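Coordinate inspection notes
Residues per chain are reported as follows:
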Amino acid sequence: MTAPTPTMDANVRARILVVEDERIVALDLKLTLESLGFHVVGTASSQDEAVLLTMSYQPDLILMDINLGNGGDGIVAADEIARFADVPVVFLTAYADNDILRRAGEVAPYGYLVKPVRQRELNATVQMALARVRASRGRMEAERRLRLALDTAKMGVVTLTQGTDLIEIDGHFPPIADRSVRGLRMEVSEFLLHLTADAQAKVRHLLEQGGDLHLVTRWQLPGADSPTRWLEVHASHFAQERAVVGICRDVTVQVEQEEALRQASVVFDSAADAILILDTQSRVTTANPAFTRLTGWPTAEIRGRHPNEFLHARRNSDRELLVDTPVDFLGHAEVMCQRHDGTAFPAWEHVAPVRDDAFVVTYRVLTFTDISALRLAESRVRHLAYHDPLTGLGNRNKLRDLLGGLPESKVDDDTAVLFFLDLDGFKVINDSLGHDVGDALLIDIADRIRSVLRQGDEAVRLGGDEFVLLIRSGRDGDVDVLARRLLDKVRDPLSIAAGSSVQVSASIGIAVYPRDGSTPDALLRSADIAMYAAKAAGRNRYARYHANMAEAANERLTIEQGLLHAMANSELSLHWQPQLTLEGRSVIGAEALLRWNSEKLGAISPDRFIPVAEECGLIQALGRWVLRQALTTWAQWLRAGLVQGRLAVNVSALQLQDKQFIEDLAHELEAAQLNPKDLEIEVTETALQRVPNIEQTLARIAELGVRIALDDFGTGYSSLSMLKLLPLHRLKVDRAFVRDVVANPSDQAIVRAIVAMADALGLELIAEGVEDERQRDWLLHLGVSEAQGWLFARAMSAPDFLAWLRTR
């Protein structure tokens, strides 16, 4: 236990403890001291008793005999007392040899008297010792108070005495220890290693040149993972002290807070979002620059005001974010704000509390961002979701909503009419002139459709060249007038360049709701069926839906699905019809004809399934199959000596429009190892009119060595000038002229003219559909030399055809 340091006033009698093993000497000292005005609190004769009485009486001074005889050693006693009490000791001894003096000096006595002691000497020594004690204790009190102040301020004192290379540290120095230290020493070089280069230079300048030092520096402990501390240092060189003395304190928390504040300030000033700092009553204290840029409100005009007074438009649907959100809670909402000029904009707002160290809310932060662009983008996305990007008309989603919104109605109450419009001839323009022209045409057609719509009517583009119109009035007169206006509008030419234009027509199917379909899908299907009926009737017209159209549409769908099944399940085959000379009936070749024997539908005529294949896009696949099978089979028969002459194969207009067709033809000829001169492809007059750049296409085919025949000649509208330019080898007289050639003078005249034309153009001639001898004779008489037809042989399967050849 450490005894408290006794207080000693110069005006109060000093309290002295006498330690002396000889009782007479002790009594004499006591009486002498008391006569000098001192108060002797007690006498002790041994080492242990001296320690005990010191603890009990806490004297101002101890007169200690060194040699206590059997009672111990006074020097040891003084050392023990120094461990727990700050009491000055004056030694009394009859000895003064060097060893005793050395031992006594180790406990730093306040005096040393050699017995016998005279009164004046005793009085002077005691008085000086007490004076020294008073001075020492004054300094100690000042040091104690300084240390208390340093502890309170969490500061340390750094001292470098001139002539040494050691820094002494007292007080708080967190980089080294978590508690107060005394007399901690560190080499200057080691101390400097922990500082930044700039701080090291400033400290060296102080040590070498003197002056003052005031800095905040980083203190880095060894190790990459060691935390960084920050020190604030104030030091000066004191010449009279021959030392550099300074104070330092750990300012890590303050530096980090200042850094956070600087970062927050940068964020506050540079943030794109508007920020308002509010007090706990939600009144504005400050605003960042983004707020002023976004709203036009200067900070001076809004300071002290509630945002509801100047910022919030406060629609009925808006949340009262600042009112509804408790002051210590987070909140966010979309609100409508208004600028200084009164214009409004949608904003996303967020409010958050700011708390002090005691977790008490001191401020609120209101941030918001203008979401006008987001709402505009959402609007555009919604528009794109329901509108065609090319024409601006509605799309399938729009149509679904329109049809889904039709009111329920009785069957006899026609409430709306659906037009299904498909452009005639658009694909040819798009493929031949390019998509840019095709797109321009679609945009123009959309504008024309808009021009005929009435209030309440809607138009959408399904895709490609298909459009759907929802007409709100179901009166027949209105529907007919509108349909005719649409047809007229669509037929108007579109100028695509100076002196150049394109023109299309439309086929329109009309279905009435709910009579022709009480559900969206049923109504759209009925209009689609009617549109195909309009196309089948010659195009450039409209057709109203009626029940029997559904049967034709169902048959078309059945055939379409059946064709897909047929191609995958070997239901297709080729039949072969011989071509002969009329004079000697010699076989000169054969025409390969496609046949379909359906497992479910039975034998289906080409007249039924070929048009469907062309409409649904299967004709290219069918054509490739026919070409491959016909060329491979005919080549094999030729090599086997089973046949002789040419092979005729029909090619549709859609096949000729396919840019890949000529490459496919060359590939199949090579794969079959068939000489191109043994192949003759037959194209119709319709193909000449429908295929863009037909001259170049046929010329490239002829360059392969393949012969070209014009099928069904006389039934189309091909011009004679075109025939002259085309690389044709043969004309094929259509069966329509052969059927009545015996009895009909007109047909005879037509055939005679065809023969003359072929002769003039250097073309060969063949007639089809010859069924009796009289037709044969007349054709031979008119100058036709080749023919095919039932008179000679029907189209036969491969085994039957080979068997027939063997009978020749």
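Residues numbered from 1 in each chain as written. Predicted model: local features only at pLDDT ≥ 70, side-chain atom pairs only at ≥ 80, totals over all residues. Heavy atoms only, no water.

1. Remarks on the overall build of the chain
Where we set the bar: Here a strand is any run of E in DSSP of at least two residues, a helix any run of H or I of at least four, and the numbering for each starts at the N terminus. Note on method: radius of gyration uses C-alpha positions; expected globular size equals 2.2 Å times residues raised to 0.38. We call a residue buried when its accessible area falls under 20% of the maximum for its residue type, exposed when it is over 50%, and partly exposed in between, using a 1.4 Å probe and counting protein chains only. In what follows, a contact means two residues having at least one pair of non-hydrogen atoms within 4.5 Å. All accessible-area figures derive from a Shrake-Rupley calculation using a 1.4 Å probe, and residue coverage is judged against the displayed protein chains alone. Lys and Arg are tallied as positive, Asp and Glu as negative. Neither His nor the chain termini are counted. One atom stands in for each charge, and that atom is NZ of Lys, CZ of Arg, CG of Asp or CD of Glu.
The helix and strand inventory of the chain stands at 30 helices and 32 strands. Against the compact-globule benchmark of 28 Å for 808 residues, the chain has a radius of gyration of 59 Å, which places it well outside the compact range. Taken along its principal axes, the extent of the C-alpha atoms in the chain is 185 × 70 × 55 Å. The buried share of the chain, taken over its 808 residues, is 44%. Taking all contacts inside the chain whose residues are at least 6 apart in sequence as the whole, residues at least 24 apart take part in 59%. Total accessible area on the chain is roughly 41700 Å²; 51% of this is exposed by carbon and sulfur atoms. Of the charged side chains in the chain, 87 are positive and 113 negative; the average position of the first set lies 2 Å away from that of the second.

2. Side note on the sheet that holds strand E17 (residues 416-424)
Put simply, the rule reads: DSSP-based pairing: two strands are paired if at least 2 bridges between them are found. Helix axes are fitted only over the stretch in contact, all axes being lines through C-alpha atoms; the angle between N-to-C directions runs from 0 to 180 degrees.
Ordered in space as E18-E19-E17-E22-E23, the five strands form an open sheet in which the pairing is mixed. Two strands in the sheet have a free side with no partner beyond their single neighbour: strand E18 (458-463) and strand E23 (541-544). Averaged over neighbouring strand pairs, the angle between their axes works out to 20° when direction is ignored. With six bridges connecting them, E17 and strand E19 (residues 466-471) associate as antiparallel partners. Bridging across to E19, Phe 420 finds its partner in Val 468. Of the strands in this sheet, E17, E18 and E19 are in contact with helix H14 (residues 396-404), which crosses E18 at around 135°.

3. Some points on the sheet that holds strand E4 (residues 89-93)
Pairing within the open sheet is parallel, and its five strands lie in the order E2-E1-E3-E4-E5. In this open sheet, the two edge strands, each paired with only one partner strand, are strand E2 (39-44) and strand E5 (111-114). Sheet twist, expressed as the average angle between the axes of neighbouring strands with direction ignored, equals 20°. Pairing of E4 with E5 involves four bridges; the strand directions are parallel. Across the sheet, residue Leu 92 finds its bridge partner in E5, namely Leu 113.

4. Concerning the pattern of salt bridges
Condition: A pair is scored as a salt bridge if a Lys or Arg side-chain nitrogen falls within 4 Å of a carboxyl oxygen belonging to Asp or Glu.
This structure, assessed with the given rule, holds 41 salt bridges. Notably, a salt bridge pairs Asp 388 with Arg 461, separated by 3.2 Å at the nearest N-O pair. Pair noted here: Asp 388 is in the loop between helix H13 (372-386) and H14 and Arg 461 is in strand E18, with a separation of 73 residues, a long-range link. Here Asp 388 and Arg 461 have matching classes, each one buried. Salt-bridge contacts for Arg 544 lead to Asp 480; the nearest nitrogen and oxygen are separated by 3.1 Å. Here the residue Arg 544 occupies a position in strand E23, and Asp 480 occupies one in helix H17 (residues 476-491), the gap between them amounting to 64 residues. The network of salt bridges with shared partners includes Arg 646, Glu 680, Arg 707, Arg 730, Glu 764 and Glu 786.

5. Some words on the packing of helix H28 (residues 745-761) against helix H29 (residues 773-782)
Our working definition: Working definition: roughly parallel below 35 degrees, roughly antiparallel above 145 degrees, roughly perpendicular at 65 to 115 degrees, and oblique for all remaining angles. In this scheme the handedness of a crossing depends on how the near helix is turned from the far one: anticlockwise by less than a right angle means left-handed, clockwise means right-handed. Here the term charged refers only to Asp, Glu, Lys and Arg, the term nonpolar to Ala, Val, Leu, Ile, Met, Phe, Trp, Tyr, Cys and Pro, and the term polar to all other amino acids, Gly among them.
For the pair H28 and H29, the least separation of the axes is 9 Å and the interaxial angle reads 45°. Between H28 and H29, the angle falls in the class oblique. Both H28 and H29 take part in a crossing whose hand is right-handed. Residues Gln 748, Val 751, Arg 752 and Val 755 of H28 lie in contact with H29, whose contacting residues are Trp 778, Leu 779 and Leu 782. In terms of residue class, the contact of H28 with H29 is built from five nonpolar, one polar and one charged.

The analysis is restricted to geometry; functional conclusions fall outside its scope.
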